[in-house]
Amino acid sequence: MRTLRLILQVLLLALACAHAGAAELVVIVSARNPVTALRADQVADIFLAQTGRFPGGEEAMALDQPVGNPLRDEFYSKVAAKSPALMKAYWTKMVFTGRGQPPRELSSSAAVRKMVADNPSMIGYIDRSALDASVKTVLVVR
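Residues numbered from 1 in each chain as written. Predicted model: local features only at pLDDT ≥ 70, side-chain atom pairs only at ≥ 80, totals over all residues. Heavy atoms only, no water.

S.K.: Would you mind going over the side chain of Ser 30 with me for this structure?
M.R.: Note on placement: Ser 30 falls in strand β1 (residues 25-30). For Ser 30, a relative accessible area of 0% translates into the label buried. Discounting chain neighbours no more than four positions away, the residues touching Ser 30 are Val 116, Ala 117, Asn 119, Pro 120, Met 122, Ser 134, Val 135 and Lys 136. (Helix = DSSP H or I, 4+ residues; strand = E, 2+ residues; numbered from the N terminus. Buried < 20%, exposed > 50% of the residue type's maximum accessible area, 1.4 Å probe, protein only. Contact = heavy atoms within 4.5 Å.)

So this is what it looks like as structure tokens:
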């Protein structure tokens, strides 16, 4: 019984450490944007250039993290169910057929937050730790 308890404690500690190291992604809009919440499919439609509008009809322009950034990979995996290779193929096809352009890439969560804060039509995703009052969370990516 004591050995089992020790094993459980070690497993719980390992799980807590793994969770603490993982980034918690949030999708953000400007604090001045009227949107208060979005579903994952709505966010995916904006980031995949399936729509250029928020649900209320306002213009929506997506901002991306750089290629190779773990936040970007996690975002597309969880929101659009696409791996980095699938995303590359998707945008190659969209650009080639003239149906869309990929979102503008910025260098960091801080850069995305600043650009989103300054423009109510923009939407981005950042690590929760980069949040401040200039933006608001419309989706927590789990």
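S.K.: Can you help me understand the sheet that holds strand β4 (residues 122-127) in this one?
M.R.: The pairing of strands in a sheet happens through backbone hydrogen bonds and is either parallel or antiparallel. Spatially, five strands are ordered β3-β2-β4-β1-β5 in an open sheet, and the strand pairing comes out mixed. Strands at the two margins of the open sheet, each flanked by one partner only, are β3 (104-105) and β5 (135-141). The sheet contact formed by strand β2 (residues 61-64) and β4 spans two bridges and is parallel. For Ala 62, the partnering residue across the bridge sits in β4 and is Ile 123. On the sheet, helix α2 (residues 40-47) packs against β1, β2, β4 and β5 and is oriented at approximately 115 degrees with respect to β4. Across the sheet, helix α3 (residues 70-79) is in contact with β1, β2, β3, β4 and β5; its angle to β4 comes to roughly 115 degrees. (Pairing = 2+ DSSP bridges. Axes fitted to C-alpha atoms, helices over the stretch in contact; angles between N-to-C directions.)

S.K.: In this structure, what is going on with the layout of surface pockets? I would like to understand it.
M.R.: In this structure, the largest pocket occupies an estimated 210 Å³ of space. Around the largest pocket, the lining comprises 13 residues; the ones closest to its centre are Val 67, Arg 72, Pro 84, Met 87 and Lys 88. Elements with a contribution of two residues or more to the lining of the largest pocket: α3 and α4 (84-97). Split into classes, the residues belonging to the lining of the largest pocket amount to seven nonpolar, one polar and five charged. (1 Å grid on protein atoms, 1.4 Å probe; cavity = no way out; pocket = protein on both sides within 12 Å on 5 of 7 lines; lining within 4 Å. Points joined across faces, edges and corners; volume = space filled by probe spheres on them. Nonpolar A, V, L, I, M, F, W, Y, C, P; charged D, E, K, R; others polar.)

S.K.: I tried to follow the pattern of salt bridges on my own but got confused; where do I start?
M.R.: Pairs can form between side chains of opposite charge once their charged atoms are near each other. For the structure shown, the criterion picks out seven salt bridges. One salt bridge connects Arg 39 with Asp 41, and the closest N-O pair in it is separated by 2.9 Å. Across the salt bridge formed by Asp 118 and Lys 114, the nearest N and O atoms sit 2.9 Å from each other. Of the two residues, Asp 118 and Lys 114 both sit in helix α5 (residues 109-118), four residues apart, roughly one turn of that helix. Judged by its relative accessible area of 49%, Asp 118 is partly exposed. Salt bridges sharing common partners tie together Asp 64, Arg 72 and Glu 105. (Salt bridge = Lys/Arg side-chain N within 4 Å of Asp/Glu carboxyl O.)

S.K.: Hey, could you run me through the environment of Trp 91 in this one?
M.R.: Here Trp 91 shows up in helix α4. Owing to a relative accessible area of 7%, Trp 91 belongs among the buried residues under this scheme. It is 7.1 Å that separates the C-alpha atoms of Trp 91 and Gln 101, two residues lying ten residues apart in sequence. Other than its neighbours up to four places away in sequence, Trp 91 contacts Phe 47, Leu 48, Ala 49, Gly 100, Gln 101, Pro 102 and Pro 103.

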